[in-house]
Amino acid sequence: MDSKTVRQHAFDVGFDLCGIVSAERLGEEAERFAAWLADGFHGEMSYLTDRPERRSDPSQHLKDAKSVIVLGLNYFQKDARETPPGHGRVSKYARGRDYHKVIERRSRELIRRLDTEVGTEASVEFKWFVDFGPILERAFAQRAGLGYVGRNSMLINRTYGSWIFLSEIITNQVLESDDPKAVKHGTCGTCTRCIEACPTGAIVGDRTIDSRRCISYLTIERPTEIPQELAEKMGDRIFGCDICQDVCPHNDKRARVTRHKELLAESGVGEFLNAKTVLSMQSREEFLKLTAGTPLTRPKLEGLQRNAKIVMENETAGRRIVIPDFEKKR
Ligand code: SF4
Ligand code: SF4
């Protein structure tokens, strides 16, 4: 089995991007991650501190790891309109069906095809991950030539911008690696748009996000109350935040609407949630009726209601997020 065959199967099962890299342990990126943890930027995501060395070393997941196949799925969709009164805005990645499931189906089918390709004699192993798996996926994606990591810490690809879900398959097969320098994905250059536009000042350095201030973390991962100072800066964001991607000039030019219908707003909760409806929910059953099969189950009913309350308070107080008009600023 060669890299060309792997790539062909990856595209055939529906992935938009496929890059291959040797399973060498990450060096500099692992140090950056350790420093990020040491600074406490992971907030209450304590699972990230559990054996962090696993995230940079594929052999901790597959003993005889030789290659990492990095896969990408475009999820971009347009924002249809302004947020209607009494509603909160949902991040683009979460509007449709749960991407873990969408990726899982494709990954399993890809592995099935690769297994068939190598036949029964070879003792070939594959292990797949999507973002809940403990691996520094953006760093491996960059090494596999799928893009570069921008100041907003997102992987930016020359075809899709940063609207990409990443997943990985680790294998004990030796595959020819892609050359990260072969394709030019651009650079941030002197741009600082994402840093200027972030409503909470969560981008505290080049590629460094203080999760404790990031609206995505606050609305999805944080299990406890959101500090008032930050809640007031959340505006209408009820689940996640796309601002540092929306303002990125690479996304201006490159974003294209996903071809994967299950990721579109009409397949899931949609672009907005009615805050009053969320606040009126009394039971887990009601909550699951709205969110089952979508990423919105993550903060549980209590978390989503906490967010809805903040959205209503911000609306009543006239607190909106104002995004700089960078075109005018030029
Ligand atoms: S997701 Fe929103 S809050 Fe988080 S870093 Fe980006 S712009 Fe800032
Ligand atoms: S907005 Fe500018 S600085 Fe931020 S990631 Fe995009 S190009 Fe880089």
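Residues numbered from 1 in each chain as written. Chains lettered and ligands numbered in written order. Predicted model: local features only at pLDDT ≥ 70, side-chain atom pairs only at ≥ 80, totals over all residues. Heavy atoms only, no water.

- The name an unreviewed UniProt entry gives the chain is tRNA epoxyqueuosine(34) reductase QueG, with candidate division GN15 bacterium as the organism.

### Let's talk about the overall build of the chain
Then, in step 1: The secondary structure content of the chain amounts to 13 helices and eleven strands.
Then, in step 2: Compactness check: the chain gives a C-alpha radius of gyration of 20 Å against a globular reference of 20 Å for 330 residues, within 12% of the reference.
Then, in step 3: Principal-axis analysis of the C-alpha atoms gives the chain an extent of 65 × 45 × 35 Å.
Then, in step 4: For the chain, buried positions account for 55% of its 330 residues.
Then, in step 5: Taking all contacts inside the chain whose residues are at least 6 apart in sequence as the whole, residues at least 24 apart take part in 79%.
Then, in step 6: For the chain, the accessible area works out to roughly 15700 Å², and carbon and sulfur atoms hold 49% of it.
Then, in step 7: Distance between charge centroids for the chain: 3 Å, based on 52 positive and 49 negative side chains. (Helix = DSSP H or I, 4+ residues; strand = E, 2+ residues; numbered from the N terminus. Rg over C-alpha atoms; globule rule 2.2 N^0.38 Å. Buried < 20%, exposed > 50% of the residue type's maximum accessible area, 1.4 Å probe, protein only. Contact = heavy atoms within 4.5 Å. Areas by Shrake-Rupley, 256 points an atom, 1.4 Å probe, with all protein chains shown as cover. Lys, Arg positive; Asp, Glu negative; His and termini not counted. Charge placed at Lys NZ, Arg CZ, Asp CG, Glu CD.)

### Brief notes about the sheet that holds strand β10 (residues 237–239)
Then, in step 1: Pairing within the open sheet is mixed, and its three strands lie in the order β10-β3-β11. On the outer flanks of this sheet lie β10 and β11 (272–274), each paired with one strand and no other. Within the sheet, the average angular offset between the axes of one strand and its neighbour, ignoring direction, is 45 degrees.
Then, in step 2: Pairing of strand β3 (residues 87–90) with β10, which is carried by two bridges, proceeds in the parallel orientation. If you follow R89 over to β10, its bridge partner there is R237.
Then, in step 3: With respect to the sheet, helix α12 (residues 300–317) is in contact with β3, β10 and β11, its orientation differing from that of β10 by roughly 170 degrees. (Pairing = 2+ DSSP bridges. Axes fitted to C-alpha atoms, helices over the stretch in contact; angles between N-to-C directions.)

### Quick look at the side chain of N251
Then, in step 1: For N251, the location among the structural elements is in helix α9 (residues 249–254).
Then, in step 2: If near-sequence neighbours (up to four positions away) are discounted, N251 is found in contact with Y160, G161, S162, W163 and Q245.

### Points about the pattern of salt bridges
Then, in step 1: By the definition in use, this model includes 25 salt bridges.
Then, in step 2: One network of salt bridges, in which partners are shared, links D79, R89, K92, R95, D242, D246 and E271. (Salt bridge = Lys/Arg side-chain N within 4 Å of Asp/Glu carboxyl O.)

### Some words on the environment of G27
Then, in step 1: Residue position: G27 is located in the loop between β1 (17–22) and α2 (28–38).
Then, in step 2: For the pair G27 and S56, spaced 29 residues apart in sequence, the C-alpha to C-alpha distance is 7.7 Å.

### A look at the packing of aromatic side chains
Then, in step 1: Across all of its chains, the model carries eight aromatic pairs by this definition.
Then, in step 2: Both rings, one in F76 and one in W163, keep their centres 5.4 Å apart while their planes meet at 50 degrees; by these two values the pair is tilted. Taken together, the positions of F76 in the loop between β2 (67–74) and β3 and W163 in the loop between β6 (155–156) and β7 (164–171) put the pair 87 residues apart, joining distant regions of the chain. For the pair F76 and W163, one class covers both residues: buried.
Then, in step 3: Connected via pairs of aromatic rings, a cluster forms that spans Y75, F76, Y93, Y99, W163, F165 and F239.
Then, in step 4: The aromatic ring of Y160 is capped on one face by R256, whose charged end is 5.4 Å from the ring centroid. (Phe/Tyr/Trp six-rings, centres within 6.5 Å; stacked < 30°, edge-to-face > 60°. Lys NZ or Arg CZ within 6 Å of the ring centre and 35° of its normal.)

### Brief notes about the pairing of β3
Consecutive side chains along a regular strand alternate between the two faces of the sheet.
Then, in step 1: Both β3 and β11 contribute to a ladder of three bridges, which runs antiparallel. Bridging across to β11, H87 finds its partner in N274.

### So, the site of ligand 2
Then, in step 1: Neighbouring ligand 2 are G150, R151, N152, I156, C188, C191, R193, C194, C248, P249 and H250.
Then, in step 2: For the shell around ligand 2, the secondary structure elements donating two or more residues are α5 (193–197) and α9.
Then, in step 3: The residue makeup of the shell around ligand 2, split by class, is six nonpolar, three polar and two charged.
Then, in step 4: Here the shell around ligand 2 spans two domains, since at least three of its residues come from each of domain 1 (3–79 + 98–171) and domain 2 (193–321). (Near = heavy atom within 4 Å. Nonpolar A, V, L, I, M, F, W, Y, C, P; charged D, E, K, R; others polar. Domains from an automatic or database assignment.)

### Brief notes about the nonpolar core
Then, in step 1: One finds V68, V70, F140, L155, I170 and I226 to be the most contacted residues of the largest nonpolar core, which totals 49 residues.
Then, in step 2: Both domain 1 (3–79 + 98–171) and domain 2 (193–321) contribute no fewer than three residues apiece to this core.
Then, in step 3: Ignoring sequence-local partners within four residues, the contact set of V68 consists of G19, I20, V21, S22, A23, P58, F140, E168, I169 and I170. (Core = buried A, V, L, I, M, F, W, Y, C linked by side-chain atoms within 4.5 Å.)

### Here's the deal with the sheet that holds β7
Then, in step 1: Pairing within the open sheet is antiparallel, and its four strands lie in the order β1-β2-β7-β4. Of all the strands in the sheet, the pair left with one neighbour each is β1 and β4 (126–130). Between one strand axis and the next, the sheet turns through 20 degrees on average, direction left out of account.
Then, in step 2: With five bridges connecting them, β4 and β7 associate as antiparallel partners.

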